[in-house]
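Spelled out, the chains give:
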Amino acid sequence: MPELPEVETIRQGLRSHVVGSRILSVEVSHPRVLRNQPGGEDELRGLTNGWEITGVQRRGKYLWLTLGDQNTPVSHALLIHLGMSGQVLLKDSPTEGHRHLRVAFTLENHQGDQRHMWFVDQRMFGYVTALEVVPDPHGQGFIPESMPHIGPDLLEPALALGSPTRVETNRAIRRSKRGIKAVLLDQCVISGIGNIYADEALWRTRLHYARPANRLSAGHVEELLQATTAVLNEALRAGGTSFDALYVNVAGEQGYFERSLQAYGRCDQPCYRCGSVIVREVFMNRSSFRCPRCQRRPRVTR
DNA sequence: ATGCCTACCTGGGAGC
DNA sequence: TGCTCCCAGGTAGGCA
């Protein structure tokens, strides 16, 4: 599933191959992935055709290409959210299509070479939208106008150790009565964390998913933030987590962090710390994996 | 306002 | 063999 490390892997792959290229054409093969584009396919085409890709940015799981020209490097943006199963694939000269191809962009670089950028998405929880940009409330520069409510992520400067935003984020987490995992997954507080890395970070800090966030100390929350950052960085170094062919980088290659997972997906297997058997439970209608000994259920629930 | 619940979507696998 | 059901989960929106 694409969470921050997977999206960042894709961002890095895109950055080195598409920045400086111009979008020549767009072909949409399934309208659902344009559901957030008010003017539909015509609007998408109008905001992309002929524009140069000037950068590739990311916040949390949100990925966008900045589009512009010589006078205005960031005029607007092409936002891509991968949802559950989205992929961005680069093809020099595709010999065959893809079963789940949803949008195909044809690009041309300064040398006149053409390349194809495909948005592929089996389950179609993902989407593509061309839209205006607004000043970034968490840093310099601009972000797509639909996402000011998205919180900063743990790998960006806004949340650096000791920064005012980090202090405020720590407080924001401890203001919530929700279980700590619900807060970790709330993209408005911190972005980029999904079900897999939330379980990993909770295992590392020996926290139960239902521990009320407002009963944690500032120090404990800081410890959790550091453990989460470490997990994200380690996964990024491994190129992300691929359970199946649903997550691959822009070249179609899988990441190998799955073999490093210590909690997620390890139901009925021994905890690497204490040997107890990892259990799978449902929390927020999602699977949660935890060690019943290291991550004790809070004494009073709710 | 806060937090909980459901719909959206497809393919793979289990069970009968 | 073939059918049905369940499960995976990021996000938006509805409701108490």
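Residues numbered from 1 in each chain as written. Chains lettered and ligands numbered in written order. Predicted model: local features only at pLDDT ≥ 70, side-chain atom pairs only at ≥ 80, totals over all residues. Heavy atoms only, no water.

## Here we look at unusual backbone geometry
Positive phi outside glycine occurs at Arg206, with the angle close to 60 degrees. When you line up the elements, Arg206 lands in the loop between α5 (195-204) and α6 (218-237). For Asn285, which is not glycine, the phi torsion reads 60 degrees and is therefore positive. For Asn285, a relative accessible area of 68% puts it in the exposed group. (Helix = DSSP H or I, 4+ residues; strand = E, 2+ residues; numbered from the N terminus. Buried < 20%, exposed > 50% of the residue type's maximum accessible area, 1.4 Å probe, protein only.)

## Here's the deal with the pattern of salt bridges
This structure, assessed with the given rule, holds 17 salt bridges. One salt bridge connects Glu8 with Arg11, and the closest N-O pair in it is separated by 2.9 Å. Pair noted here: Glu8 and Arg11 are both in helix α1 (residues 4-18), with a separation of three residues, about one helical turn. A relative accessible area of 15% places Arg11 in the buried class. For the salt bridge of Glu108 with Arg22, the shortest nitrogen-to-oxygen distance reads 3.6 Å. Of this pair, Glu108 sits in strand β6 (residues 101-108) while Arg22 sits in strand β1 (residues 22-28); the two residues are 86 residues apart in sequence, bridging distant segments of the chain. On the accessibility criterion, Arg22 (36% relative accessible area) is partly exposed. If you follow the salt bridges from partner to partner, you end up with Glu8, Arg11, Arg58 and Asp153 in one network. (Salt bridge = Lys/Arg side-chain N within 4 Å of Asp/Glu carboxyl O.)

## Looking at the nonpolar core
Among the nonpolar cores identified, the biggest contains 40 residues, and Ile173 and Ile190 are the most heavily contacted of them. Residue assignment for this core shows that the elements contributing at least two residues are α4 (180-185), α5 and α6. Once you skip the residues sitting within four places of it in the chain, Ile173 turns out to touch Ile180, Val183, Val189, Ile190, Ala213, Val221 and Leu225. Listed in part, the 31 residues of the second largest apolar core include Ile10, Val26, Leu44 and Ile80. (Core = buried A, V, L, I, M, F, W, Y, C linked by side-chain atoms within 4.5 Å. Contact = heavy atoms within 4.5 Å.)

## What about the protein's contact with DNA strand C?
Not every one of the 14 residues close to DNA strand C is listed here, only the nearest: His81, Phe125, Tyr264, Arg286 and Ser287. Here Asn195 contributes a side-chain N or O atom positioned 3.0 Å from a phosphate oxygen of DNA strand C. The class makeup of the residues in the surface near DNA strand C is four nonpolar, six polar and four charged. (Near = heavy atom within 4 Å. Polar contact = N/O pair within 3.5 Å; in protein donor to acceptor, adjacent residues only side chain to side chain. Nonpolar A, V, L, I, M, F, W, Y, C, P; charged D, E, K, R; others polar.)

## Re the protein's contact with DNA strand B
Residues in close proximity to DNA strand B total 12 residues, the closest being Arg32, His100, Phe125, Lys177 and Asn285. Of everything in DNA strand B that lies within 4 Å of the protein, sugar and phosphate atoms constitute 71%. One nitrogen or oxygen atom from the side chain of Arg32 is found 3.3 Å from a phosphate oxygen belonging to DNA strand B. Side-chain polar atom of Gln122 to a sugar or linking oxygen of DNA strand B: 3.3 Å apart, as the coordinates give it. When its residues are assigned to classes, the surface near DNA strand B shows two nonpolar, four polar and six charged.

## A few points about the environment of Ala213
Locating Ala213 in the fold gives a position in the loop between α5 and α6. Remark: the alpha-carbon pair of Ala213 and Lys181, spanning 32 residues in sequence, is separated by 8.5 Å. When sequence neighbours within four positions are dropped, the list of residues in contact with Ala213 reads Ile173, Arg174, Ser176, Arg178, Ile180 and Val183.

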